[in-house]
Amino acid sequence: MKITQLLFPTLREEPSDAEVISHKLLMRAGMIRRTAGGIYTYLPLGLRVLKKISQIVREEMDRAGGQEVGLPTVQPRELWDMSGRWQLYGDEMFRLKDRHQRDFCLGPTHEEVITTLIDGDVHSYRDLPLLIYQIKDKFRDEIRPRYGLLRGREFIMKDLYSFDVDSDGLEISYRKMYEAYSKIFERMGLTFRVVEADTGAIGGNESHEFMVLAGSGESKIVFCDTCHYSANVEKAESLPQEKPSVLDFPSIEMISTPDVRTVEDVVKSLGVSPSQVIKTLIYVTDDQGYAVLIRGDRELNELKLSNYLQGAELALAPENVVKELVGASIGSVGPVGLNLKILADFEIQNMTEAVCGANQESQHLIHVLPGRDFVPHAYIDLRNVQGGDPCPHCKGLLNEIRGIEVGHIFKLGTKYSQAMDAWFLDEKGNKSHFVMGCYGIGVSRIMAAAIEQKHDQNGIVWPMAIAPFQVLIVPVNIKDEEQARHAFAIYESLIQNGVEVLLDDREERAGVKFKDADLIGIPLRLTIGSRALKEGKVELKKRWEAESELVSLEEIAGQISSLISQYN
RNA sequence: CGGGGUGUAGCGCAGUUUGGCUAGCGCGCCUGCCUUGGGAGCAGGAGGUCGAAGGUUCAAAUCCUUUCACCCCGACCA
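What comes next concerns the included structure.

Calculation criteria
Residues numbered from 1 in each chain as written. Chains lettered and ligands numbered in written order. Predicted model: local features only at pLDDT ≥ 70, side-chain atom pairs only at ≥ 80, totals over all residues. Heavy atoms only, no water. Pairing = 2+ DSSP bridges. Helix = DSSP H or I, 4+ residues; strand = E, 2+ residues; numbered from the N terminus. Core = buried A, V, L, I, M, F, W, Y, C linked by side-chain atoms within 4.5 Å. Buried < 20%, exposed > 50% of the residue type's maximum accessible area, 1.4 Å probe, protein only. Contact = heavy atoms within 4.5 Å. Axes fitted to C-alpha atoms, helices over the stretch in contact; angles between N-to-C directions. Parallel < 35°, antiparallel > 145°, perpendicular 65-115°, else oblique. Nonpolar A, V, L, I, M, F, W, Y, C, P; charged D, E, K, R; others polar. Phe/Tyr/Trp six-rings, centres within 6.5 Å; stacked < 30°, edge-to-face > 60°. Lys NZ or Arg CZ within 6 Å of the ring centre and 35° of its normal. Near = heavy atom within 4 Å. Polar contact = N/O pair within 3.5 Å; in protein donor to acceptor, adjacent residues only side chain to side chain. Salt bridge = Lys/Arg side-chain N within 4 Å of Asp/Glu carboxyl O. Left-handed = near helix turned anticlockwise from the far one by under 90°. Disulfide = S-S within 2.5 Å.

1. What to know about the sheet that holds strand β16 (residues 315–316)
Across a sheet, strands are paired by hydrogen bonds formed along the backbone, either parallel or antiparallel in direction. Within the open sheet, the five strands sit side by side as β16-β14-β15-β17-β20. Their pairing is mixed. Only two strands of the sheet have a single neighbouring strand rather than two, namely β16 and β20 (378–380).

2. Considering the nonpolar core
The biggest cluster of nonpolar side chains holds 67 residues, and the ones touching the most others in it are I53, M61, Y181, F185, M188, M447 and W462. A per-element tally of this core places helix α6 (residues 167–187) first, with eight residues. Those residues within four positions of M61 in sequence are excluded, and the remaining contacts are G66, Y133, K158, L160, M177, A180, Y181 and I184. If you look at the next biggest cluster of nonpolar residues, it comprises 24 residues, including W86, Y89, F410 and C438.

3. Some remarks on the packing of helix α1 (residues 21–28) against helix α11 (residues 443–453)
One way to put it is that α1 packs onto α11 with a least axis distance of 8 Å and a crossing angle of 105°. Relative to α11, the element α1 lies roughly perpendicular. Where α1 approaches α11, its residues I21, S22, L25 and L26 are matched on the opposing element by M447, A448, I451 and E452. Its residues placed into classes, the contact of α1 with α11 shows six nonpolar, one polar and one charged.

4. What about the packing of aromatic side chains?
Throughout the structure, instances matching the rule amount to 12 aromatic pairs. Here the aromatic rings of F424 and F434 are separated by 5.2 Å at their centres, their planes lie at 40°, and the arrangement is tilted. With F424 in strand β22 (residues 423–425) and F434 in the loop between β23 (431–433) and β24 (435–442), the pair connects residues that are 10 residues apart, well separated along the chain. F424 gets classed as buried once you look at its relative accessible area, which sits at 0%. Judged by relative accessible area, F434 falls into the buried class, the value being 0%. Clustering of aromatic rings is evident, with ring pairs tying together Y178, Y181, F185, F192 and F210. Its guanidinium or amino end placed over the ring of F223, R193 lies 3.8 Å from that ring's centre, counting from NZ or CZ.

5. Topic: the protein's contact with RNA strand B
What surrounds RNA strand B is a group of 39 residues, the closest being R151, G152, E405, R445 and D518. For RNA strand B, the backbone makes up 45% of the atoms found within 4 Å of the protein, where backbone means sugar plus phosphate. In this structure, D518 approaches RNA strand B through a side-chain N or O atom, which is 2.3 Å from a base nitrogen. In this structure, a base nitrogen belonging to RNA strand B sits 2.6 Å away from a side-chain N or O atom of E539. Secondary-structure elements contributing two or more residues to the surface near RNA strand B are α13 (510–520) and β29 (524–528). The dominant element in the surface near RNA strand B, judged by the number of residues it contributes, is α13, at seven residues. Partitioning the surface near RNA strand B into residue classes produces eight nonpolar, seven polar and 24 charged.

6. Re the pattern of salt bridges
Following the criterion strictly, the structure yields 39 salt bridges and no others. Two residues, E59 and R187, come together in a salt bridge whose shortest N-O distance is 2.8 Å. With E59 in helix α2 (residues 44–63) and R187 in helix α6, this pair connects stretches of sequence that are 128 residues apart. Look at E59 and you get partly exposed, because its relative accessible area is 31%. A relative accessible area of 26% places R187 in the partly exposed class. Taking the shortest distance from any N to any O, the salt bridge between D504 and R506 comes out at 2.9 Å. Accessibility expressed as a relative area gives 2% for D504, which makes it buried. A relative accessible area of 15% means that R506 is categorised as buried. Connected via shared salt-bridge partners are R295, D297, R298, D345, E347, R383 and D389.

7. Remarks on the packing of α2 against α6
The N-to-C vectors of α2 and α6 enclose an angle of 150°; their axes lie 9 Å apart at closest approach. By the angle class used here, α2 and α6 are roughly antiparallel. Considering the relative orientation of α2 and α6, their crossing is right-handed. Each of I56, V57, E59, E60, M61 and R63 in α2 lies in contact with α6, whose residues at this interface are M177, A180, Y181, K183, I184 and R187. Residues that form the contact of α2 with α6 fall into these classes: seven nonpolar, no polar and five charged.

8. A look at the environment of T352
For T352, the position within the fold is in the loop between β17 (341–345) and β18 (354–357). Distance in space between the C-alpha atoms of T352 and L369 is 5.1 Å, their sequence separation being 17 residues. Excluding its chain neighbours within four sequence positions, the residues that come into contact with T352 are F249, H367, V368 and L369.

9. Regarding the state of the cysteines
Tallied over the entire structure, the rule returns zero disulfides. Summary of cysteine pairing: C224 is not part of a disulfide, and the nearest cysteine sulfur, belonging to C394, is at 3.5 Å.

10. Quick look at unusual backbone geometry
What you tend to see is this: most non-glycine residues have negative phi, and most peptide bonds are trans. Cis rather than trans, the peptide bond between L128 and P129 has omega equal to 0°. Note on placement: P129 falls in the loop between α5 (111–121) and β7 (130–139). In the Ramachandran plot, Q101 falls in the positive-phi region, its phi being about 70° despite a non-glycine side chain. Turning to its location among the elements, Q101 is positioned in the loop between β5 (94–97) and β6 (103–106). The exposure class of Q101 is exposed, given its relative accessible area of 53%. Positive phi outside glycine occurs at N359, with the angle close to 60°. Positionally, N359 belongs in the loop between β18 and β19 (363–368).

That is the geometry; function is a separate question.
Right under this line is the structure:
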């Protein structure tokens, strides 16, 4: 491809509405343009990257035994009523009506369609297992789309669904996908980590996320420095410690604490450390209030709380509700003598000289001893794990890093096949529900995640495997007859060798071309200049290295080929 | 949905507080000259319903009302 024929509108300045680096660089490099909030147009260069990513995904899915299909984007309401998700999905679903006023949605995911399909055409255990996938646009009307391609409302996703006769079969399918996913991200040249994850709204009982590591990532993950444990903090477990043998502790005492509201205030006015404070949060569900206790230096993990309450919708109680339930304002709430169901984090039971609110205005309690002065309904794991915490599986310590979720695999079990009554006959002739798994990869998200991980001050640094082109040829001065001749000759010969090559044939000054070259991040750059040409050489620069090297004209083709296969 | 902010040329912005001539600047774009190893220089030029609608006024980018879009923080999430 010649640049003069390419739709390639690079920008010198950053678009003002882009916040994260991938969004800025995708815009500046002329790879995407915004069409509406969270909805983007892919320009030629961007689309080439997406095709590369899709192709790697496709190859590995096929290799793992997957079969590609095309499920519809527009899906009828009836399908979603069967699983109950027409109601459950809420405002996040793009809904539309046809001319007969029938309800449809733009598919946010495809469990319903695929389950119906398989139910209709697969009736025997002899036809299982099946791994069915597709790569297509998905639609989710996000509350707040942001970060460019990282959180769009229309995005490209690969989703595969596995159908097995039993949970042993599911285990095998799940394993296959786990391996295939690892292969995919390895091939893409991305640094990633697999973590245990919460199963969330999709349901199921085991789940892993594939995280591309990047400091700007939205997800916090922890991993053990000694064993293989790693998990999303949403899911990461924290252990209850040994309970210290209780000896003699001073009795509880009430003290006056005017203007003390936050943990920070308590620390300041009483001279204690945050880890001595019991933070009491009042949560309400539809029908009940709870007092949730967590150490003052910790964060509550609402997901863990919600899971403990069987997925109940819960929210922090507003001030007036707290007053009504407790009789004191938010800053003075505590567990002692409280007439609410109390749920305490494991760590609470090991506290000895604790401080908490007294449930009376501007009063706090000191010398509080959990178990003696109050007894929670349950001690459970409620806090967010942090770096430095002990590993739940060994003696190691947990490290904390950030990542971008690019893949997620779930064991669904029979959740959907039961809801939609999708079954087959087993070898004994009995009706049996399909045991399912679902496996997603965010194709368009990977394009952004790769940039978050692979960029420098000057622009994108694409890994070879997903770069829009493998080689960029830059003649310093295209008007120089000799340079032009060599540039075109090298261009033609590389094409002959099957190399994906872009030629910057613009009549621009060298600086402009170099800036654009760095910006769009093509891995290998061949610079054709008069100095090196005099020696029969051209300059070869790897985008990820600072220095370039001289290569003789005869050796170019060989060098390029070996570099491509080395880094691909 | 709650809180905050921004809409002026393709991109980045000034001008709005305190209404006033033909609405400006940088970059990009077009023409010519010149230049060609890290976003050159000179000369000329094109490009605007000042987000939209309504109102106040002799006069509105500027004041008032309504509305739309986008961005940030929060609740949500692959």
